[in-house]
Amino acid sequence: MKRNAYFDNAKFILIYLVVFGHMLQPFVQDSQSLNTLYTWIYTFHMPVFIFLAGFFAKGAGSLAYITKLAKKLLVPYIIFQVIYTGYYLAIGKQNWLADSIFYPHWSLWFLVSLFCWHILLIFYKKLPPSLSVVIAVQVGLIVGYFGQVGHTFSLSRTFVFFPFFLLGYWITVEQVKVLKHVRVKIASLVFMAIMAVGIYYAPDINSGWLLASKSYGQLGLPEYGGIARFFVYVTSALMGMSILAWIPQRELIITSYGSRTLYVYLLHGFFIQFFRQYDLLSVDGIIDLLGIGLLSCLLVFLLASKPIRIVWQPLIEGRVTILRRLWKQLNPRQT
């Protein structure tokens, strides 16, 4: 599919929020304002990221596609599962032995779930769009009643977040453009402001509802958790539309970096876990918050940069095209 600046801009902004959210997480318990910002971001950033992944899954279904996808997602998953295990040991992280190959380290769950979403898509895309989404939502609501569906193989997140992936698959560019209408953009600002105020003044919100990795029993609503998750679905969908309404459509400095988000996603954990392990960051005021915001931005640009991609492409993409291209540029007579 031909690259579209709008979607690459969206992916850059979302991966920035992923990094920023992970930077912010250790400090949210000590500040209602930080907790509000953190929760506000988590209402939409992964659902929209997953929605965009579904949007670009238009060619899914063939055996060749699935084989290629396994090499693209499952091989890096195994590689980085091993690398992160060694890294946790090196920095003295105490609970590194608790995770097995079947229990994704931290953010690696996305690779397993993304592969599973493509597999599920083979069956769901045979159904009418509306019916397929309704069934996916129902499955996402039901799995929360089973405590056995949790972190292992990222099963809980796979089923809970799948409706957003499926929506992305069915949505067209023309339908997304509806969000750019002036009235929609104004309504989105109002809704996002209402959500921020609501989160600030609401009773403590368990972030587990937004992470989608725990059962309703673990979240404290063993009987009525399905109702709560349905409202989470609605909130995330509306927040997602509100954010997408304000994504720039023209090419910007960030646009090209938006096509390299997998590098940022897989590699930023080395920095985050190091910062957390040695308590290198703190947020005691607005200056510290702005500093973390700037650090997150610099980290995104760094991890999506060409030097980083040259080093990590063999492990992340299983090829060395960037290095080969650079070699040809430096040695034109040998080509």
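Refer to the preceding data block for the structure.
(A) Spotlight on the environment of Val28. With respect to the element layout, Val28 can be found in the loop between α1 (5–24) and α2 (32–42). A relative accessible area of 4% places Val28 in the buried class. Sequence-wise, Val28 and Ile13 are 15 residues apart; in three dimensions their C-alpha atoms are separated by 21 Å. If sequence neighbours within four positions are ignored, Val28 has contacts with Leu34, Asn35 and Tyr38.

(B) Broad picture of the pattern of salt bridges. Tallied over the full model, the rule gives one salt bridge. Note that Glu317 and Arg319 form a salt bridge whose closest N and O atoms lie 2.7 Å from each other. On the basis of relative accessible area, Arg319 is assigned to the partly exposed category, the value being 44%.

(C) Summary view of empty space enclosed by the protein. In total, this model carries one cavity of 30 Å³ or more according to the counting rule given. Considering only enclosed or pocket space, the largest cavity measures out at about 90 Å³ in volume. In terms of lining, the largest cavity is formed by 13 residues, of which the most central are Phe161, Trp209, Leu210, Val232 and Ser236. Looking at the lining of the largest cavity, the elements with two or more residues in it are α7 (155–170), α10 (208–211) and α11 (225–244). Considering each element in turn, the lining of the largest cavity owes the most residues, four residues, to α11. Residues of the lining of the largest cavity, tallied by class, amount to ten nonpolar, two polar and one charged.

(D) Representation of the packing of aromatic side chains in the model. Applying the stated criterion across every chain yields a total of 30 aromatic pairs. Note on Tyr169 and Trp170: the rings are 5.1 Å apart at their centroids and 70 degrees apart in plane angle, and the pair reads as edge-to-face. Under the relative-accessibility criterion, Tyr169 is labelled buried at 13%. Judged by its relative accessible area of 25%, Trp170 falls in the partly exposed class.

(E) Spotlight on a positive patch on the surface. On the surface, Lys306, Arg324, Arg325 and Lys328 cluster together into a positively charged patch. Within the fold, Lys328 resides in helix α15 (residues 321–330). The exposure class of Lys328 is partly exposed, given its relative accessible area of 45%.

(F) Structural context of the packing of α2 against helix α9 (residues 182–201). Contact geometry for α2 and α9: axes closest at 9 Å, N-to-C directions at 135 degrees. Judged by the inter-axis angle, α2 sits oblique to α9. For the pair α2 and α9, the sense of crossing is right-handed. Between α2 and α9, the contacting residues are Gln32, Ser33, Thr36, Thr39 and Trp40 on the first element and Met192, Met195, Ala196, Ile199 and Tyr200 on the second. In terms of residue class, the contact of α2 with α9 is built from six nonpolar, four polar and no charged.

(G) Molecular detail of unusual backbone geometry. Positive phi, close to 65 degrees, is recorded for Ala212, a residue that is not glycine. Summarising the element assignment, Ala212 is placed in the loop between α10 and α11. Overall, the relative accessible area of 1% leaves Ala212 in the buried class. In the Ramachandran plot, Asp279 falls in the positive-phi region, its phi being about 50 degrees despite a non-glycine side chain. Topologically, Asp279 is positioned in the loop between α12 (261–277) and α13 (286–303). In this structure Asp279 comes out as exposed when scored by relative accessible area, which is 65%.

(H) Fine view of the side chain of Thr261. Following the sequence through the fold, Thr261 ends up in helix α12. Ignoring sequence-local partners within four residues, the contact set of Thr261 consists of Lys11, Phe12, Ile15 and Phe49.

(I) Structural context of α1. Between its first and last C-alpha atoms α1 spans 28 Å; for 20 residues at 1.5 Å apiece the expected length is 28 Å, and the two agree. With 19 of 20 residues buried, α1 is to be regarded as a mostly interior element. The N-capping residue of α1, defined by a side-chain oxygen 2.8 Å from the backbone nitrogen of Tyr6, is Asn4.

What counts and what doesn't
Residues numbered from 1 in each chain as written. Predicted model: local features only at pLDDT ≥ 70, side-chain atom pairs only at ≥ 80, totals over all residues. Heavy atoms only, no water. Helix = DSSP H or I, 4+ residues; strand = E, 2+ residues; numbered from the N terminus. Buried < 20%, exposed > 50% of the residue type's maximum accessible area, 1.4 Å probe, protein only. Contact = heavy atoms within 4.5 Å. Salt bridge = Lys/Arg side-chain N within 4 Å of Asp/Glu carboxyl O. 1 Å grid on protein atoms, 1.4 Å probe; cavity = no way out; pocket = protein on both sides within 12 Å on 5 of 7 lines; lining within 4 Å. Points joined across faces, edges and corners; volume = space filled by probe spheres on them. Nonpolar A, V, L, I, M, F, W, Y, C, P; charged D, E, K, R; others polar. Phe/Tyr/Trp six-rings, centres within 6.5 Å; stacked < 30°, edge-to-face > 60°. Patch = residues over 30% accessible without salt bridge, like charges linked within 9 Å, V, L, I, M, F, W, Y side chains within 5 Å. Areas by Shrake-Rupley, 256 points an atom, 1.4 Å probe, with all protein chains shown as cover. Lys, Arg positive; Asp, Glu negative; His and termini not counted. Charge placed at Lys NZ, Arg CZ, Asp CG, Glu CD. Axes fitted to C-alpha atoms, helices over the stretch in contact; angles between N-to-C directions. Parallel < 35°, antiparallel > 145°, perpendicular 65-115°, else oblique. Left-handed = near helix turned anticlockwise from the far one by under 90°. Expected span 1.5 Å × (residues − 1). Polar contact = N/O pair within 3.5 Å; in protein donor to acceptor, adjacent residues only side chain to side chain.

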